[in-house]
Amino acid sequence: MTINADTFLDPITFQMGGVSGDITTAGALVTSNLAMTFTAGTGTGGTFTQTAGGANPIATGSGNITISADVIVLNTTADTITGTGTIVLQPTTGTTTIGIGDSATGTFDLDANEIAALTNGFSSITIGASSGSGATDINAITFTDPVTIRGGAMVVTALQAGANNIPLTSDSTIDEGADDTTVDITTSGTLSLTAEGAIGASGGGNNPLDLAVGTLVATTDAGGIFLLESSALIIGGTGVQTTGGNAAIEITLTAGDLTLQDDITADGSGTVTLAVLGADASLITGDTNDDIASTSGAISITADRLALVTGTISSSGALTLQPNASGETIGLGDSATGDFNLTATELGLLTNGFSSITIGKTNSGAVDINAFTFLDPVTIQGGAMTVTALEAGSPN
């Protein structure tokens, strides 16, 4: 099917059924704030082609655009698909692989010039089908509108979206293209990661998925969540959670504060490891929706400063709270002095039931302990220690 230039006065759908049902647009296709939908056939013969050149735009005002095809070829002239509604670009067949960006691999392939055809101004861009399971390769691409990418096993390298939100949804894993510390996803908005396998990889070092994002939401039911953030980070939305498989959570910040505005929760015996490594940087909890929890896994929190306002920390496993830098002084209890300081109210947010609590490191500075009763076995480590009215109950 070839569609020549026209202006449509009603919502319009173009559809080719079966295998090898191609759709080609030639000339300007325009609606006045009305939807335009293209559905090509299935397989590599089911191709949607927008003829190249500035004389062949697709423009719908506030009308939504949907293009479904197993192979897609968009105009390589910039700003030749325009609208302020939504645009969905998706394979017709759920298992079709997706490539986004130059050198990305996939049957449903969009290079940087094709992405540049999408004029800034869409309320959202969605690439991939809601039930898509094809492997998805994202490589060195920048979006100017909020973008959602859906598919199967997902590999991400240098995805950027300015201040726009980025939801990534995979029915498998989400990981970086190469195990290094180069940033893989950048946005000052919200990054939402939903997977049915590991997000990043365990083992620290070069293995985690590398981020530079403003706010994070992440969930998986298997494999765990392993992230390295290069700046301050907010945990928002529905928080960060593993919901099956005793999957662990590891989040490391190399600079800036980690602020919880929602929970971090690991399934079963999954461990929670939060490391805030910037000098004098803080882990901050701010409201009732910012618990840190595992059913029975160990919880480890490393940060030079802790500011626990509300929300609890709970597990039946071991808890470790420690400053990152050596020589940091520690204060425990009201009126105790120390840079790594926890008041009685903050210590009261540690839910009774830990197998053990360890505070400080052997290379920490002076420790001041004042008038607090721990409900679980407690080990306190550091330098010169001043103790007033420390209690741990029986049998701790």
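Overview of the structure. (Residues numbered from 1 in each chain as written. Predicted model: local features only at pLDDT ≥ 70, side-chain atom pairs only at ≥ 80, totals over all residues. Heavy atoms only, no water.)

## A look at the overall build of the protein
Part 1 of the reasoning: In terms of regular secondary structure, the protein is built from 2 helices and 38 strands.
Part 2 of the reasoning: By the burial criterion, 48% of the 396 residues in the protein qualify as buried.
Part 3 of the reasoning: Sequence-distant contacts in the protein: of pairs separated by 6 or more residues, those separated by 24 or more amount to 51%. (Helix = DSSP H or I, 4+ residues; strand = E, 2+ residues; numbered from the N terminus. Buried < 20%, exposed > 50% of the residue type's maximum accessible area, 1.4 Å probe, protein only. Contact = heavy atoms within 4.5 Å.)

## Thoughts on the sheet that holds strand E36 (residues 367-373)
Part 1 of the reasoning: Read across the sheet, 4 strands follow the order E34-E33-E36-E38 without closing on themselves; strand pairing throughout is parallel. At either end of the open sheet lies a strand with only one pairing partner, and these are strand E34 (340-342) and strand E38 (385-391). Across the sheet, the axes of successive neighbouring strands diverge by a mean angle of 10 degrees, strand direction being ignored.
Part 2 of the reasoning: Relative to E36, strand E33 (residues 330-332) is paired through 3 bridges, and the arrangement is parallel. Its bridge partner being in E36, Ile330 is matched across the sheet by Val367. (Pairing = 2+ DSSP bridges. Axes fitted to C-alpha atoms, helices over the stretch in contact; angles between N-to-C directions.)

## Structural notes on the packing of aromatic side chains
Part 1 of the reasoning: The tally for this structure, following the rule as stated, stands at 4 aromatic pairs.
Part 2 of the reasoning: An angle of 15 degrees between the planes, with centres 5.3 Å apart, marks the rings of Phe14 and Phe38 as stacked. In this pair, Phe14 sits in strand E2 (residues 12-15) while Phe38 sits in strand E4 (residues 36-39), placing the two residues 24 residues apart along the sequence. As far as the burial class goes, Phe14 and Phe38 line up, both buried.
Part 3 of the reasoning: One aromatic cluster is present, formed by Phe8, Phe14, Phe38 and Phe48 through successive ring pairs. (Phe/Tyr/Trp six-rings, centres within 6.5 Å; stacked < 30°, edge-to-face > 60°.)

## Considering a nonpolar patch on the surface
Part 1 of the reasoning: Nonpolar side chains collect at one region of the surface, where Met385, Val387 and Leu390 lie side by side and expose about 240 Å² of accessible area between them.
Part 2 of the reasoning: Residue position: Leu390 is located in strand E38. (Patch = residues over 30% accessible without salt bridge, like charges linked within 9 Å, V, L, I, M, F, W, Y side chains within 5 Å. Areas by Shrake-Rupley, 256 points an atom, 1.4 Å probe, with all protein chains shown as cover. Salt bridge = Lys/Arg side-chain N within 4 Å of Asp/Glu carboxyl O.)

## Thoughts on the side chain of Glu346
Part 1 of the reasoning: Here Glu346 shows up in helix H2 (residues 344-347).
Part 2 of the reasoning: The buried charged residue Glu346 lacks any salt bridge partner; its closest oppositely charged side chain belongs to Arg305, at an N-O distance of 11 Å.
Part 3 of the reasoning: With residues near it in sequence (within four places) discarded, Glu346 still touches Leu306, Ala307, Leu308 and Asn341. (Lys, Arg positive; Asp, Glu negative; His and termini not counted.)

## So, the pairing of strand E27 (residues 282-285)
Part 1 of the reasoning: Examined bridge by bridge, strand E24 (residues 258-260) and E27 share 3 bridges and lie parallel to one another. Counted as the bridge partner of Thr259 is Ile284 from E27.

## Focus on the side chain of Gln322
Part 1 of the reasoning: Along the chain, Gln322 falls in strand E32 (residues 318-322).
Part 2 of the reasoning: At 3.1 Å, the side chain of Gln322 and the side chain of Thr302 are in polar contact.
Part 3 of the reasoning: In contact with Gln322, other than residues within four places in its own chain, are Ile301, Thr302, Ala303, Phe340, Gly360 and Lys361. (Polar contact = N/O pair within 3.5 Å; in protein donor to acceptor, adjacent residues only side chain to side chain.)

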